[in-house]
Amino acid sequence: MSAYETAEYYFDQSARLMGLSDNMQRLLLTPEREVKVQVAIEMDNGEIATYIGFRTQHDQARGPYKGGLRYHHEVDQDEVLALATLMTWKTSVVNIPFGGAKGGIQVNEKKLSPGELERLTRRFVDAIHDVIGPDKDIPAPDMGTNAQVMAWIMNQYQKFHGFNPACVTGKPTELHGAEGRDEATGRGVGLMMMQLMAKQKIDPKLQTVAIQGFGNVGSYLARYLYDQQVKVIAVSDAYGGVVSYEGLNIPKLWEYAQQNGSIAGYPESEPLDNKSLLAIDADFLVPAALGGVLKVDNMKDVRAKYIIEAANNPTTPEADRYFESKGIIVMPDILVNAGGVTVSYFEWVQNQQYFKWELDRTRREMDRIMTESFEKIWEIATQKKISLRLAAYFLGIGRVGKATVLGGI
Ligand code: NAD
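Everything numeric here is computed off the predicted structure, so don't read it as measured data.

A. Seen up close, the packing of aromatic side chains. Inspection of the entire model under this criterion finds 14 aromatic pairs. Consider the rings of F284 and Y306, whose centres lie 4.6 Å apart with planes at 15°: the pair is stacked. Placement of the pair is F284 in strand β10 (residues 284–287) and Y306 in strand β11 (residues 306–308), with a sequence separation of 22 residues. The exposure class assigned to Y306 is buried, which follows from its relative accessible area of 8%. Summarising the aromatic geometry, the rings of Y345 and W348 are spaced 6.3 Å apart at their centres and angled 35° between planes, so their arrangement reads as tilted. Of this pair, Y345 and W348 both sit in helix α12 (residues 339–353), three residues apart, roughly one helical turn. An aromatic cluster of at least three residues, connected via ring pairs, comprises F98, Y345, F346, W348 and W357. Cation over ring: R361 sits above W357, and NZ or CZ is 4.0 Å from the ring centre. Stacked on the ring of Y10, the Lys or Arg R389 has its end atom at 4.1 Å from the ring centre.

See below:
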């Protein structure tokens, strides 16, 4: 099943439950605009390299399109569309005034020099600057992109349209970025886990966690859990994994990863491959890297009681149905990782108002929004006796549907 078929499957399930007409389903699911562009750059050795870039704008019934920009060799139009639809439901779940979009360039970004990465980003903005902007579509970081890439996007966009830092979020704090945007997604995931533990009446200090991915999301999540005294026993990244059943010392692991570019080989642990990480005997399993990682091939190996979808689209429908049949609770991506877009919203607000918030305020407001969304979804799931995923879609699609009807076409 492709990434988009997965997203469509979850939409269909909820739409049926909500009794949405076929016409309404088609209207809500059809993307409003899909852009595909050539991005040609000169490499450091003088050769020309040509890449393909995408920006898909799914829905803007509730506000300007909003969504990340991914640099990865597996990016394609199907995946970008799937992720754009997820953004529409996600911004709606946390009730911030945005629609949904996503973008990406099919490139192995790790093989590019900083200069090549900058030229790639600037050429991509040259190709799409007319369809993005603070009131149109606001990109943000995702896999393979970071604050530096966002700074280049802002700078290049401004060459065409003049000063306007709200055209992109996730910028460096020295250049109109919001305090706390870096940590926001991982911190939000951690907060959702703490809320779930409270509902399940389990002691956080007695829980064990395995995390796939130690990038922006995985590393800040690990740090948050460590501070809450939750034991992170296993972590992996693209180069390998590590395990320590006594609990990993996350600040030390963080430092090691900074110095070595990976967690692989961290001394105070045993090595672990990615396949074994997903099957490890931990209470919580957190995919925080790629989509589609929990699937038919490995679903029966999973031993965790809770799956927390920090990554976008990590669970295929077959695996989702299997986990539900086994009583494994899955917290869905469109709630779990919404902390990032929530703080992106705060950054956009601050840029529009030329007024900077303190970190404390960002954390307080994000915690409030995420907690309220969690409580609403929990209530819907309990009342309707449905999974947390269906409840989140129910809330998200419902709000977009209402806005669409109110606005008219
Ligand atoms: P990132 O590029 O900072 O980090 C990705 C991590 O995944 C890296 O540690 C990388 O080594 C690891 N990885 C890559 N391939 C792997 C593999 N095959 N096995 C194990 N690990 C692998 O990306 P990120 O921003 O942390 O995003 C991670 C996930 O979270 C993505 O699905 C993204 O869409 C989602 N997400 C990110 C944000 C955000 O604010 N950054 C917000 C919402 C959702």
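The structure having been displayed, the exposition proceeds.
B. Focus on the pattern of salt bridges. Going through the model one piece at a time under the given rule, you end up with 17 salt bridges. Of the charged contacts in the structure, one is a salt bridge between E118 and R122, with a shortest N-O distance of 3.0 Å. A residue pair is termed a helical-turn pair when its members lie 3 or 4 positions apart in one helix, as E118 and R122 do in helix α4 (residues 114–128) at four residues. Looking at R122, the relative accessible area reads 13%, which means it is buried. Between E309 and R389 there is a salt bridge, with the nearest N and O atoms lying 2.8 Å from each other.

C. Representation of the domain arrangement of the protein chain in the model. Split into domains, the protein chain comes out as domain 1 (33–168) and domain 2 (182–336). The distance between the C-alpha centroids of domain 1 and domain 2 comes to 27 Å. Every contact between the two is made by eleven residues of domain 1 and, on the other side, eight residues of domain 2. Interface of domain 1 and domain 2: buried area, both sides summed, is about 890 Å²; carbon and sulfur atoms make up 62% of it. The interface formed by domain 1 and domain 2 includes zero salt bridges. For the interface between domain 1 and domain 2, the tally reads one residue pair in polar contact (both at pLDDT 80 or more). Top element by residues in the side of domain 1 that touches domain 2 is helix α3 (residues 77–93). It accounts for six residues. A per-class count over the side of domain 1 that touches domain 2 returns six nonpolar, one polar and four charged.

D. Highlighting the sheet that holds strand β1 (residues 33–42). Strand order across the open sheet formed by five strands is β1-β2-β4-β3-β5, with mixed pairing between neighbours. If you trace the sheet from one side to the other, it starts and ends with β1 and β5 (137–141), each paired once. Pairwise comparison of adjacent strand axes, ignoring direction, gives a mean angle of 25° for this sheet. Strand direction decides the pairing type here: strand β2 (residues 48–59) and strand β4 (residues 100–106), joined by six bridges, are antiparallel. When the sheet's bridge partners are listed, D59 is paired in β4 with G100.

E. Quick peek at the site of the ligand. For the ligand, the set of nearby residues contains 22 residues, the closest of which are R70, D142, T185, A289 and N312. Take G144: an N or O atom from its main chain is 3.1 Å from an oxygen atom of the ligand. T185 places a polar side-chain atom, nitrogen or oxygen, 2.7 Å from an oxygen atom of the ligand. Of all the secondary structure elements, the ones that give two or more residues to the shell around the ligand are α6 (181–199) and α7 (216–227). Grouping the amino acids of the shell around the ligand by side-chain chemistry returns nine nonpolar, nine polar and four charged. When residues are assigned to domains, the shell around the ligand turns out to be shared by domain 1 (33–168) and domain 2 (182–336), each giving three or more.

F. Main features of the sheet that holds strand β12 (residues 329–331). The strand order β9-β8-β7-β6-β10-β11-β12 describes an open sheet built from seven strands, whose pairing is mixed. Strands with a single pairing partner mark the edges of an open sheet, and in this sheet they are β9 (270–272) and β12. Each strand axis lies, on average, 20° off the axis of its neighbour in the sheet, ignoring direction. Bridge count between β11 and β12: three bridges; the pairing is parallel. Residue pairing in the sheet places I308 in a bridge with M331 of β12.

Quick notes on the rules
- Throughout this document, residue positions are counted from 1 along each chain, in the order its sequence is written.
- Note on the predicted model: pLDDT of at least 70 is required for a residue's local features to be given, and 80 or more for side-chain atom pairs to be given and counted; whole-chain, interface and lining totals, by contrast, use all residues.
- Excluded from the side-chain calculations are hydrogens and water; all other atoms, namely the structure's heavy atoms, are used.
- Geometry of aromatic contacts follows a simple scheme: Phe, Tyr and Trp rings, the Trp one being its six-membered ring, pair when their centres are within 6.5 Å, and the pair is stacked under 30 degrees between planes, edge-to-face over 60, tilted otherwise.
- Elements are defined by DSSP. Helices are runs of H or I of four residues or more, strands are runs of E of two residues or more, and each kind is numbered from the N terminus.
- Relative accessibility thresholds used throughout: buried, under 20% of the residue-type maximum; exposed, over 50%; partly exposed, between the two (1.4 Å probe, protein chains only).
- Criterion for a charge above a ring: Arg CZ or Lys NZ at most 6 Å from the ring centre, at most 35 degrees from the ring normal.
- Put simply, a salt bridge is a Lys or Arg side-chain nitrogen that is within 4 Å of an Asp or Glu carboxyl oxygen.
- An automatic or database domain assignment is the source of the domain bounds shown.
- Note on contacts: a residue pair qualifies if any of its non-hydrogen atoms lie within 4.5 Å across the two residues.
- The term buried area refers to how much accessible surface (probe radius 1.4 Å) is lost by two components on association, counted for both of them together.
- Here a polar contact means two N or O atoms within 3.5 Å. Within protein one must be a hydrogen donor candidate and the other an acceptor candidate, and residues neighboring in sequence count only if both atoms are side-chain atoms.
- All amino acids are sorted into three groups, where Ala, Val, Leu, Ile, Met, Phe, Trp, Tyr, Cys and Pro are nonpolar, Asp, Glu, Lys and Arg are charged, and the leftover types, Gly among them, are polar.
- Note on pairing: DSSP must find at least two bridges between two strands before they are called paired.
- To get an axis, fit a line to the C-alpha atoms, keeping to the stretch in contact for a helix; angles then go from 0 to 180 degrees between the N-to-C directions.
- For each residue, the test is whether any non-hydrogen atom lies within 4 Å of the molecule or strand; if one does, the residue is near.

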